[in-house]
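Report on the structure
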Amino acid sequence: MKEINKKLIILIVAVVLFFVFYFLFVGGGEKVDVEFGFTFSQKYASEFGLDWRKVYQEILREFNFKRVRLIAYWDLIESENNNFNFEDLDWQIKKAQEKGIKVLLDVGKKAPRWPECHIPKWAENLKEDDFERELLDYIENVVLRYKSYSNIEYWQVENEPFFSFGEKCKTSNLGVLKKEVELVRKLDVRKIVITDSGEFGTTILPAYFADIVGITIYKDVFVKEVNKSIDYPFSPEFYFRKAKVIESLSNKKVIGIETQAEAWGDKPLPYLSFEKQRELMPLDKFKYLFDFAHKTGIQIQYLWGVEWWYFMKEKGDSSYWNYSKSIINKY
């Protein structure tokens, strides 16, 4: 009897492992038309030594994007306590509005681009209760400022709040995140996006807090533990299945919030040589990332890396810029 039970347990484990393996790694995916948007970071463009306004304007002029994710960096907007400067973000949102582009506006302490947490110097050492109060005050000021703009489509509250990544960044306190979300809901009726790692996040918590779940889609990454770039083994079908599971269980829509379209090195790209950047992301690999994105079956995706395309073009290699344009401007 014990021998039968042992064999039964082994069989059950083997079946579970088979289905887990199938879910994660098997499936080529079928191509679908993707509505690509893009994330734009004035900080990131500036790190490349670029005029970020010029970069942004040229992207809007040359690409037929219909969506953009913009970032209300707390440390830029409120570099001094209670002294709010919206000039740069006003300009970005108005330029998008002129082109009929919908804006997903990110608010919170944790925002896109390294070091992930963008906290003003004056707020870094505040006591927990004081920090929470100031964070909510900044969010309220941002939402009240932009809720009247007709091209604001969604609010994003924090960036990957349940994924521990970045300097001085920890996973969000659920109580504080709940207050942030409730505040935004109280101030405006637009839907709220909560994001998570598409590769390693559970997306259970984001689905609980959000109206829409945003997941990352990465393929080529640098792993510092082995000091080299690797391809994640996840298939396009993995992202499709994951999205369908989330949508079925929570009745929440899933979008690709951060689809890789740039290299990933052992340090941020602005601090790597031009030659190293090309070595990390040859054009064939770049094209493959777009093909991979189409095969995930996720129909709205925000591309990650437009500032890098521009930088490479300025350095004499327009291939990334031109190839991206050939894909995006087809639709």
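Above this note sits the structure.
Below is a summary of the structure that appears in this document. Remember, it's a predicted structure, so these values are computed and weren't measured experimentally.

**Examining the overall build of the protein**
Looking only at helices and strands, one finds 13 helices and 10 strands in the protein. The C-alpha atoms of the protein give 21 Å as radius of gyration, which agrees with the globular expectation for 331 residues (20 Å, within 12%). Once the C-alpha set of the protein is aligned to its principal axes, its extents read approximately 75 × 50 × 35 Å. Among the 331 residues that make up the protein, the fraction classed as buried is 53%. Sequence separation of at least 24 residues holds for 77% of the intrachain contacts in the protein that already meet a minimum separation of 6. Accessible surface for the protein amounts to roughly 15,800 Å². Of this, 54% is attributable to carbon and sulfur atoms. The centroid of the 49 positive side-chain charges in the protein is displaced by 4 Å from the centroid of its 50 negative side-chain charges.

**Here we look at empty space enclosed by the protein**
Tallied over the full model, the rule gives 1 cavity of 30 Å³ or more. Of the voids in this model, the largest cavity is the one considered here, and its volume is about 30 Å³. The wall of the largest cavity is formed by Ile 217, Tyr 218, Lys 219, Thr 259, Gln 260, Leu 289, Phe 292 and Ala 293. Residue composition of the lining of the largest cavity, grouped by class: 5 nonpolar, 2 polar and 1 charged.

**Quick word on the packing of helix H12 (residues 306–314) against helix H13 (residues 319–328)**
Geometrically, a packed helix pair is captured by the angle between its two axes and the distance between the axes. Remark: H12 packs on H13, axes separated minimally by 8 Å, with the N-to-C direction vectors making an angle of 135°. Comparing the axis directions of H12 and H13 gives the class oblique. The residues of H13 that touch H12, namely those facing Trp 308, Trp 309, Tyr 310, Met 312 and Lys 313, are Tyr 320, Trp 321, Ser 324 and Ile 328.

**With respect to the sheet that holds strand E10 (residues 300–304)**
If you trace the 8 strands once around the closed barrel, you get E1-E2-E3-E4-E5-E6-E9-E10, paired in parallel fashion. Recorded for the sheet is a direction-independent mean angle of 30° between the axes of neighbouring strands. Here strand E6 (residues 212–217) runs beside strand E9 (residues 253–260); their pairing, made up of 6 bridges, is parallel. Its bridge partner being in E9, Ile 215 is matched across the sheet by Gly 256. Where helix H5 (residues 87–98) meets the sheet, its contacts fall on strand E2 (67–71), strand E3 (102–107) and strand E4 (152–157), and the angle it forms with E2 comes to roughly 175°.

**Some thoughts on the layout of surface pockets**
Counted as a void, the largest pocket has a volume near 910 Å³. As for the largest pocket, its lining consists of 32 residues, of which Trp 114, Glu 116, Phe 165, Trp 264 and Gly 265 are closest to the centre. For the lining of the largest pocket, the elements supplying multiple residues, two or more each, are helix H2 (42–47), strand E7 (220–223) and E9. Residue contributions to the lining of the largest pocket peak at 3 residues, all from E7. Of the residues that constitute the lining of the largest pocket, the class distribution is 16 nonpolar, 5 polar and 11 charged.

What counts and how
Residues numbered from 1 in each chain as written. Predicted model: local features only at pLDDT ≥ 70, side-chain atom pairs only at ≥ 80, totals over all residues. Heavy atoms only, no water. Helix = DSSP H or I, 4+ residues; strand = E, 2+ residues; numbered from the N terminus. Rg over C-alpha atoms; globule rule 2.2 N^0.38 Å. Buried < 20%, exposed > 50% of the residue type's maximum accessible area, 1.4 Å probe, protein only. Contact = heavy atoms within 4.5 Å. Areas by Shrake-Rupley, 256 points an atom, 1.4 Å probe, with all protein chains shown as cover. Lys, Arg positive; Asp, Glu negative; His and termini not counted. Charge placed at Lys NZ, Arg CZ, Asp CG, Glu CD. 1 Å grid on protein atoms, 1.4 Å probe; cavity = no way out; pocket = protein on both sides within 12 Å on 5 of 7 lines; lining within 4 Å. Points joined across faces, edges and corners; volume = space filled by probe spheres on them. Nonpolar A, V, L, I, M, F, W, Y, C, P; charged D, E, K, R; others polar. Axes fitted to C-alpha atoms, helices over the stretch in contact; angles between N-to-C directions. Parallel < 35°, antiparallel > 145°, perpendicular 65-115°, else oblique. Pairing = 2+ DSSP bridges.

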